[in-house]
Amino acid sequence: MQIGFNFTLGETAPMIRRLIAGGRIDYVELLIDNFLAIPATEIARAFDAPVGLHIMFSKFIERPEDELQALAGRLRAIIRATRPLYVSDHIARFTHQGRHLLHLAEIDYVADFEQVAGRVARWQEMLGCRIAFENYPSIMDGGWDAPDFFRRLTARTGCAVLFDVSNAICANHNCGCPITDWAPVIREARHFHVAGYRPSIGQPAITLDTHDQALADDTRAALATCRDLGPPPDATITYERDDDIDEERIATDLDMLRAIFPRGGQP
């Protein structure tokens, strides 16, 4: 398993370069929305390591065709320049009845399947590559339908799944869907995310994938489950950290990941 770190904040670049030089990570995942204004060749030279491209705000389900085409043209140039390990995106809604939402909203995995499958196929056609789509940290009972949705979606469109382990743990806390329900999806996944989580401030409290905590014990157990389902040696797992950046604690979590997913494949 290749281990990576997400690059979302400019000030973390020196730390990421030290993690690369020290052998703690193998690649860097770029939250590419933050760097669309930078020339593609400059993005390609940012780190002395392979990159993955993670898209947050394509809004490909809802965005008008002409706007999506313009975004796709910019992303294709970056894909050509960086030759990424993968391109990933999110399946979520950003508006409700024409109003923009403050946070991403979960889709209805049953009622929305046909629409989303059509847009996934179109978005892959625009970018000219296979896209790995990330699972959502479900809040409502509809999260029980998510594993079957992703299984059907990959079969219908040929897309891939970016399996976010901590999102699945959050969903387990919030709606009860167990990690074992994801086993058929995990077996086919080649790209993974993991991060820390914490309870929300508001009530009723829900579990949020906050990217600002050390990895919890149940997340570590879920990682071992993923390992036991047999990801190939060239699979990737990105450690996401966007707040409470502490290099020593991050290194501790990365070393724990390497213990679960050692180079060569045997723990």
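Rules of the game
Residues numbered from 1 in each chain as written. Predicted model: local features only at pLDDT ≥ 70, side-chain atom pairs only at ≥ 80, totals over all residues. Heavy atoms only, no water. Disulfide = S-S within 2.5 Å. Buried < 20%, exposed > 50% of the residue type's maximum accessible area, 1.4 Å probe, protein only. Phe/Tyr/Trp six-rings, centres within 6.5 Å; stacked < 30°, edge-to-face > 60°. Helix = DSSP H or I, 4+ residues; strand = E, 2+ residues; numbered from the N terminus. Core = buried A, V, L, I, M, F, W, Y, C linked by side-chain atoms within 4.5 Å. Contact = heavy atoms within 4.5 Å. Pairing = 2+ DSSP bridges. Axes fitted to C-alpha atoms, helices over the stretch in contact; angles between N-to-C directions. Parallel < 35°, antiparallel > 145°, perpendicular 65-115°, else oblique. Left-handed = near helix turned anticlockwise from the far one by under 90°. Nonpolar A, V, L, I, M, F, W, Y, C, P; charged D, E, K, R; others polar.

Q: Can you help me understand the state of the cysteines in this one?
A: Put plainly, two cysteines are in a disulfide when a covalent bond ties their sulfur atoms together. Taken as a whole, this structure holds zero disulfides when the rule is applied. Not engaged in a disulfide, the cysteine cysteine 159 finds its nearest cysteine sulfur in cysteine 129; these two sulfurs lie 12 Å apart. Residue classification places cysteine 159 among the buried positions, given a relative accessible area of 1%. Here cysteine 177 is not cross-linked by a disulfide; its sulfur's nearest cysteine counterpart is in cysteine 175, at 5.6 Å.

Q: Any chance you could explain the packing of aromatic side chains here in plain terms?
A: Two measures describe an aromatic ring pair: the distance that separates the ring centres and the angle between the ring planes. Within the structure shown, the criterion is met by 13 aromatic pairs. Measuring from centroid to centroid gives 5.3 Å for phenylalanine 60 and phenylalanine 133, while their planes differ by 45 degrees, and the two rings are tilted. Remark: phenylalanine 133 occurs in strand β7 (residues 132-134) and phenylalanine 60 occurs in the loop between β3 (51-54) and α3 (65-82); sequence separation between them is 73 residues. Taken individually, phenylalanine 60 and phenylalanine 133 each receive the classification buried, so the pair is uniform in this respect. With a centroid separation of 6.3 Å and 80 degrees between ring planes, the pair formed by phenylalanine 163 and phenylalanine 192 is classed as edge-to-face. Of the two residues, phenylalanine 163 is situated in strand β8 (residues 160-164) and phenylalanine 192 in strand β9 (residues 191-194); the sequence distance between them amounts to 29 residues. In this pair, the class of phenylalanine 163 matches that of phenylalanine 192, namely buried. Taken together, Tyr109, Phe113, Phe149, Phe150, Phe163, Trp182 and Phe192 form an aromatic cluster joined through their ring pairs.

Q: Help me understand the nonpolar core, please; the structure alone is not making it clear to me.
A: Grouped burial of nonpolar side chains is what soluble globular proteins tend to show. In terms of nonpolar packing, the biggest core is built from 77 residues, with Ile91, Trp123, Phe163, Leu223 and Leu257 touching the most fellow members. The leading source of residues in this core is helix α4 (residues 113-127), at seven residues. Aside from chain neighbours lying at most four places away, what touches isoleucine 91 is Phe60, Ile61, Ile107, Val116, Val120, Phe133, Glu134, Phe149, Phe150 and Leu153. Judged by nonpolar contacts, the second largest core, of five residues, contains Tyr27, Tyr86, Ala132 and Leu162.

Q: How should I be thinking about the pairing of β9 in this particular structure?
A: As a general feature of sheets, a regular strand has side chains that alternate between the two faces. Of the two faces of β9, the one carrying His191 and His193 and the one carrying Phe192 and Val194 are both buried. The sheet contact formed by β8 and β9 spans three bridges and is parallel. Opposite leucine 162, over in β9, you have histidine 191 as the bridge partner. Summarising the sheet, β9 and strand β12 (residues 236-239) pair through four bridges and their orientation is parallel. Looking at the pairing, histidine 193 lines up with threonine 238 of β12.

Q: Can you help me understand unusual backbone geometry in this one?
A: For residues other than glycine, phi is negative in most cases, and the peptide bonds are mostly trans. Looking along the chain, the bond that leaves glutamine 203 and enters proline 204 is cis, with omega of 0 degrees. Examined against the element boundaries, proline 204 turns out to sit in the loop between β10 (198-199) and β11 (207-208). Positioned with a positive phi, lysine 59 is a non-glycine residue whose angle comes to about 50 degrees. Among the secondary structure elements, lysine 59 is positioned in the loop between β3 and α3. Judged by relative accessible area, lysine 59 falls into the partly exposed class, the value being 25%.

Q: How do you make sense of the packing of α4 against helix α5 (residues 146-157) when you look at a structure like this?
A: To characterise two packed helices, one gives the angle between the axes of the helices and the distance between these axes. Contact geometry of α4 with α5 gives a least axis separation of 10 Å together with a crossing angle of 45 degrees. Taken together, the axis directions place α4 and α5 in an arrangement best described as oblique. α5 is crossed by α4, and the crossing has right-handed handedness. For the pair α4 and α5, contact is made by Phe113, Glu114, Val116, Ala117, Val120 and Gln124 and by Phe149, Arg152, Leu153, Arg156 and Thr157, respectively. In terms of residue class, the contact of α4 with α5 is built from six nonpolar, two polar and three charged.

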